[in-house]
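Structural features, examined
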Amino acid sequence: MDYKDYYATLGIQREATQDEVKRAYRKLARKYHPDVSKEANAEARFKEVAEAHEALIDPERRAAYDAIGQRRERGPAFEPQQNGDQDKAFSDFFESLFGRGRGHEAAAMAAQGRDHHARIEVDLADVYQGAQRSILLSVPHRDAQGGVTLEDRRLDISIPKGLRSGQHLRLAGQGAVDLDGGPPGDLYLEVTIRPHAPFRLDGADVHVDLPVSPWEAALGANVKAPTPQGEVQLTVPADSPQGRKLRLKGKGLPGKVAGDLYVTLNIVLPSSATDAAQQAYQALAQAFPGYDPRTSTQEA
Amino acid sequence: MPKLHAYVFEALVVEEQVIFTFSDLCRASGANAAQVKGLVEEGLLHPVGDAPEQWQFSGPSLKQTRMALRLTHELDIGLTAAALVMELLDEVHALRARLGSGGRT
């Protein structure tokens, strides 16, 4: 496990005051907050920043962390126990020092109710066809001695077709079990559709680039185009400019209002490496003696 | 120990198939009553019904409420500012869509 330099993460000195910790955190939180940020890896960066803030804003935690830092300068690397868990709020390093993070959501959940939130990734094909998925939940369980242990529980769920990224699924009664016998809460799963090259999603619409040759674009052609449901025959209209978007209505994500599939033509030039290719390009040039792409008005 | 389940749970799509009462929304989002009332006052949430006991919230209210709470907590701002941020973000998304930057998520 790697030692984490929380001061470097926040860009502050070790001697920084608590106010400076707070100021640095707020500035970086605005920059990397996943809801507002355009930065790449905003979510991962925000997690680091939030963890550093959580560790340093509390004077007791900060003192404990500083003590580790000083020991580390003198001796071998700090090596606490490792345990993997991708979805938790803070790193193994943080938890080995301070235990499980007291994140906002965990605190709110304990106080307000027993509905749980988690995330689920689904494939593009699942969105088109619907699917069954197994998810693994860690649920608290009261044992014979009255203690509470965490138990893995597998849940088979049906993924309805027509989901959009960012939507939520609700599984009634699959939230936290009430250890005192009350009704269980609900489980909410936030859906992310896994990227599936060459397709890109924009809400319900699906986009894909389609390479075409110059003569296909100029003369028109029938070509095969990929869609998430398999290849289709597509008519490329004659005189198609570079970047022309062809819309296949209703071939985007299914749903009450199905999305569209947009195929963007990308004109690809064959290499002029052979003599024959050279001659072909020269013949093309001779066929358009007055053509200047920098002054000709090209249709959009 | 994982247990075997023969049963497959049907999942509801919250944004399309779920209506929340006031207390449902509080429980599902982790917000307290005052926070949800605040978001209604800010005009971010638009429940149907006159009094809180009759309020009914559309499915997307869950995501909006959770996002508003995240913003207030993680950026250390008030509900009014969070509502403003969310309105501006909606505007940014709409403008981007009009620019035709298809393909960006």
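Everything that follows concerns the structure shown earlier in this document.
Now for a quick tour of the structure. Note that this is a predicted model, so its numbers are computed, not measured.

Rules of the game
- Residues numbered from 1 in each chain as written.
- Chains lettered and ligands numbered in written order.
- Predicted model: local features only at pLDDT ≥ 70, side-chain atom pairs only at ≥ 80, totals over all residues.
- Heavy atoms only, no water.
- Helix = DSSP H or I, 4+ residues; strand = E, 2+ residues; numbered from the N terminus.
- Areas by Shrake-Rupley, 256 points an atom, 1.4 Å probe, with all protein chains shown as cover.
- Pairing = 2+ DSSP bridges.
- Contact = heavy atoms within 4.5 Å.
- Salt bridge = Lys/Arg side-chain N within 4 Å of Asp/Glu carboxyl O.
- Polar contact = N/O pair within 3.5 Å; in protein donor to acceptor, adjacent residues only side chain to side chain.
- Buried < 20%, exposed > 50% of the residue type's maximum accessible area, 1.4 Å probe, protein only.
- Core = buried A, V, L, I, M, F, W, Y, C linked by side-chain atoms within 4.5 Å.
- Axes fitted to C-alpha atoms, helices over the stretch in contact; angles between N-to-C directions.
- Parallel < 35°, antiparallel > 145°, perpendicular 65-115°, else oblique.
- Left-handed = near helix turned anticlockwise from the far one by under 90°.

1. Topic: the overall build of chain B
Summing up its helical and strand segments, chain B has five helices and four strands in all. Along its sequence from the N terminus, chain B presents helices and strands in the succession β-β-α-β-α-α-β-α-α. Surface exposure of chain B reaches about 6,000 Å², of which carbon and sulfur atoms provide 56%.

2. Brief notes about the sheet that holds strand 4 (residues 168–171) of chain A
Judged by pairing direction, the sheet is mixed, and its four strands sit side by side in the order 1(A)-5(A)-4(A)-2(B) without closing on themselves. Of all strands in the sheet, those bounded by a partner on one side alone are strand 1 (116–122) of chain A together with strand 2 (12–13) of chain B.

3. Details of the interface of chain B and chain A
Contact with chain B, which involves 39 residues of that partner, is made by 42 residues of chain A. At the junction of chain B and chain A, the tally comes to four salt bridges. Of the charged contacts in the structure, one is a salt bridge between B:Arg70 and A:Asp35, with a shortest N-O distance of 2.9 Å. The interface formed by chain B and chain A holds 17 residue pairs in polar contact (both at pLDDT 80 or more) in total. The set of elements that each furnish at least two residues to the side of chain B that touches chain A consists of strand 1 (8–10), strand 2, helix 1 (14–17), helix 2 (22–29), helix 4 (61–74) and helix 5 (79–98) of chain B.

4. Observations concerning unusual backbone geometry
All names here are of chain A. The omega torsion of the bond from Ala197 to Pro198 falls at 5°, within 30 degrees of zero and hence cis. Among the secondary structure elements, Pro198 is positioned in the loop between strand 5 (187–193) and strand 6 (200–202). The residue Asp239 is not glycine, and still its phi comes out positive at about 60°. Secondary-structure assignment places Asp239 in the loop between strand 9 (230–236) and strand 10 (245–248). Residue classification places Asp239 among the exposed residues on the basis of a relative accessible area of 62%.

5. Details of the nonpolar core
Counting residues in hydrophobic clusters, the biggest one holds 50 residues, and the most contacted among them are A:Leu10, B:Phe20 and B:Phe57. Listed in part, the 40 residues of the second largest apolar core include A:Ala131, A:Leu163, A:Ile193 and A:Val263.

6. Points about the pattern of salt bridges
Residues and elements named next belong to chain A. For the structure shown, the criterion picks out 16 salt bridges over all chains. Note that Arg61 is salt-bridged to Glu54, the shortest N-O span being 3.6 Å. Residue classification places Arg61 among the buried positions, given a relative accessible area of 10%.

7. Concerning the packing of helix 2 of chain B against helix 4 of chain B
Residues and elements named next belong to chain B. Close contact between helix 2 and helix 4 brings their axes to 10 Å; oriented N to C, the two are set at 50°. By the angle class used here, helix 2 and helix 4 are oblique. Where helix 2 crosses over helix 4, the two elements pack in a sense that is right-handed. Residue-level contacts link Leu25, Ala28 and Ser29 of helix 2 to Ser61, Leu62, Thr65, Arg66 and Leu69 of helix 4.

8. Points about the environment of A:Leu171
Mapped onto the secondary structure, A:Leu171 falls in strand 4. Accessibility expressed as a relative area gives 1% for A:Leu171, which makes it buried. Between the alpha carbons of A:Leu171 and A:Tyr262 there is a distance of 34 Å; along the sequence they are 91 residues apart. Once residues lying within four places of it in the same chain are set aside, the contact partners of A:Leu171 are A:Leu155, A:Ile157, A:Asp186, A:Leu187, A:Leu189, B:Phe9, B:Glu10 and B:Ala11.

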